[in-house]
Amino acid sequence: MFAALRCIELGLKPIVLERGRDVRARRRDLAAINKEQLVNPDSNYCFGEGGAGTYSDGKLYTRATKRGDVGRVLRRLVQHGATPDILVDAHPHIGTNKLPAVVQALREAIVEAGGEVRFDTKVTDLLLENNHLRGIVTATGEAVEADATILATGHSARDIYELLHHRGVLIEAKPFALGVRVEHPQALIDQAQYRRADRGLLPAASYSLVHQTEVGGQQRGVFSFCMCPGGFIVPAATAPGEVVVNGMSPSRRDSRFANSGIVAAVELADLDVARYGALAGLHFQQEIEQRACQAAGGTQRAPAQLLGDFLKRKTSADLLETSYQPGLVSVAMDDVLGPALAERLRQGFQDFGRKIPGYATNAAQIVGVESRTSSPVRIPRDKDTLQHPVVTGLFPCGEGAGYAGGIVSAAMDGERCAEAAMALMKR
């Protein structure tokens, strides 16, 4: 969306193709996941207007300050309905309750300025001739030609990775991270961080944790990811037969629960690259997500275990109340994660328990699996032109291509790709 807006500023006419639905229609698909446990593979928490960011916590903190104008991204969000507080807060966030309206306003600005946004439009093939991309083909067979194509699909569009691989477009396996969501009572985190469970006027407390682990002579980091104070856990699967969890918070962060991804680094050495090549990380993700679904009964209920029991390798007799609407099933999480990944997480949790009193106990539970932290695939591009090094006219962009890690960095990358597309057309 930020690429499209920047295109308009540069005098170009963007056509945005969205496989999912607009935010209003998308709400019904999210309700179906939560209440009926039905996953629409084209419209869910990852696919639809605004992508995964629309139904996220809306965290806007970024360390990618050299990639573009962070202030411009924040100001554009404020212009389209975000609170002005994000311009001054040290760790700004919008909140999952406010993001849909902001995203809808961004889309309306694109359309009012002469751009197009087409929903329910899935890309299924490429108009590829002699290593030049001149457009795409949709599921209905329509060919959409363009002078430049910005590929900004997000990190979960597995069919696009498979399409590129099938069509011989160079892609690469890349490291990522995978683990679980851990859920605590927010009062426990408040007590640990503020030394008082009743925080008064203070905001819901958060944390950031990291630990270096060693399993089988291999060192890997374990760290907290997308910590959501006063938030809730949501089902983020993009296809039936898999269970994926994510976390988010409303703007007031007023839930009774705190949750965070706790994930371990997955390096290329941990993957079966010899068998799967560039798609090795994707297959690794998929296998664990499918095991999670099978272990919990084949619906969107998620496998879970009390944290203290996980550390003791003991299946939990009972689980705690949860913010995860589809519900939990008690399982031995080692069976879902595999021995190496489970042991890394165990070492990380043991260290985190030493840092935060009460953290690594049965007052908390782990919910699986947090597997969509970042793309397991990188689509290479030239560092100067931002074009694919082999296929001209193709601009890999954002999280799905491996060049961003959140809303702000993805927005800045979208703007850069729009500018690069303009530079191509001027030549």
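Residues numbered from 1 in each chain as written. Predicted model: local features only at pLDDT ≥ 70, side-chain atom pairs only at ≥ 80, totals over all residues. Heavy atoms only, no water.

The protein chain has the name FAD-dependent dehydrogenase in an unreviewed UniProt entry, where Hymenobacter frigidus is given as its organism.

Some thoughts on the packing of helix H1 (residues 2–9) against helix H4 (residues 70–79)
Threshold: Each axis is a line fitted through C-alpha atoms, and for a helix only the stretch in contact is used; angles between axes span 0 to 180 degrees, taken between their N-to-C directions. Going along the chain from the N terminus, every DSSP run of H or I of four or more residues is numbered as a helix, and every run of E of two or more is numbered as a strand. Here the angle decides the label: under 35 degrees means roughly parallel, over 145 means roughly antiparallel, 65 to 115 means roughly perpendicular, and every other value means oblique. Any two residues whose heavy atoms approach within 4.5 Å are treated as being in contact.
One way to put it is that H1 packs onto H4 with a least axis distance of 13 Å and a crossing angle of 95°. Put simply, H1 runs roughly perpendicular to H4. Listed contacts from H4 to Phe-2, Leu-5, Arg-6 and Glu-9 of H1 are Arg-72, Val-73, Arg-76 and Leu-77.

Structural notes on the pairing of strand E16 (residues 365–370)
For the record, the criterion: Only protein chains enter the accessibility calculation, which uses a 1.4 Å probe; a residue whose area is less than 20% of its type maximum is buried, one above 50% is exposed, and one in between is partly exposed. Whether two strands pair depends on DSSP finding at least two bridges between them.
Across the six residues of E16, six count as buried, placing the element largely inside the fold. Across three bridges, strand E14 (residues 302–306) lies against E16 in antiparallel orientation. Looking at the pairing, Ala-304 lines up with Val-367 of E16.

Re the pattern of salt bridges
Under the convention used in this document: Each reported salt bridge corresponds to a side-chain nitrogen of Lys or Arg within 4 Å of a carboxyl oxygen of Asp or Glu.
Under the definition given, this model contains 39 salt bridges. Here Glu-419 and Arg-72 are joined by a salt bridge, their closest N and O atoms 3.7 Å apart. Placement of Glu-419 in helix H14 (residues 407–426) and of Arg-72 in helix H4 is noted, with a sequence separation of 347 residues between them. Glu-370 is the salt-bridge partner of Arg-181, the closest N and O atoms lying 2.6 Å from each other. With a gap of 189 residues between them, Arg-181 in strand E8 (residues 176–185) and Glu-370 in strand E16 connect regions that are remote in the sequence. We classify Arg-181 as buried; its relative accessible area is 0%.

Description of the UniProt feature "domain: FAD-dependent protein C-terminal" (unreviewed entry) in the protein chain
Rules: UniProt positions are given in the numbering used here, feature names are shortened, and annotations may be inferred rather than shown by experiment.
UniProt records the feature "domain: FAD-dependent protein C-terminal" (unreviewed entry) at residues 175–373, using the numbering of this structure. Helix makes up 28% of residues 175–373 and strand 30%. Its end C-alpha atoms lie 11 Å apart.

Some words on helix H5 (residues 99–112)
This is how it is decided: The span one expects for a helix is its residue count, reduced by one, times 1.5 Å.
When the terminal C-alpha atoms of H5 are compared, their 20 Å separation across 14 residues agrees well with the 20 Å that a helix rising 1.5 Å per residue should span. Taken together, the buried positions of H5 are occupied by Leu-99, Pro-100, Val-102, Val-103, Gln-104, Ala-105, Leu-106, Arg-107, Ala-109 and Ile-110. Turning to H5, the residues buried within the fold contact H1, helix H2 (23–36), helix H3 (51–54), H4 and strand E2 (116–118).

Focus on H4
Operational definition: Note that the arc is defined by the directions from the helix axis to the C-beta atoms. Here a polar contact means two N or O atoms within 3.5 Å. Within protein one must be a hydrogen donor candidate and the other an acceptor candidate, and residues neighboring in sequence count only if both atoms are side-chain atoms.
Among the residues making up H4, those that are buried are Val-73, Leu-74, Arg-76 and Leu-77. Buried residues along H4 cover an arc of 160° about the axis, so they all sit on one side. Of the surrounding elements, those touching the buried residues of H4 are H1, H5 and H14. For H4, the N-terminal cap is Asp-69; the gap from its side-chain oxygen to the backbone nitrogen of Gly-71 is 3.1 Å. Looking one or two residues beyond H4, the residue adopting positive phi is Gly-81, at roughly 115°.

A few points about the sheet that holds E8
Within the open sheet, the seven strands sit side by side as E9-E10-E13-E8-E16-E14-E15. Their pairing is mixed. At either end of the open sheet lies a strand with only one pairing partner, and these are strand E9 (210–215) and strand E15 (328–330). Strand-to-strand, the axes of this sheet are offset by a mean angle of 35°, without reference to chain direction. Bridge count between strand E10 (residues 218–228) and strand E13 (residues 257–266): five bridges; the pairing is antiparallel. The partner of Val-222 across the bridge, within E13, is Ala-264. Its contacts with the sheet put helix H7 (residues 186–194) on E8 and E13, and the angle it makes with E8 is roughly 95°. Across the sheet, helix H9 (residues 280–295) is in contact with E8, E13, E14, E15 and E16; its angle to E8 comes to roughly 35°.

A look at the side chain of Arg-26
This is how the line gets drawn: A positive count includes Lys and Arg, and a negative count includes Asp and Glu. His and the chain ends are not counted in either.
Following the sequence through the fold, Arg-26 ends up in helix H2. Here Arg-26 sits buried without a salt bridge, and the closest side chain of opposite charge, Glu-18, lies 6.6 Å off (N-O distance).

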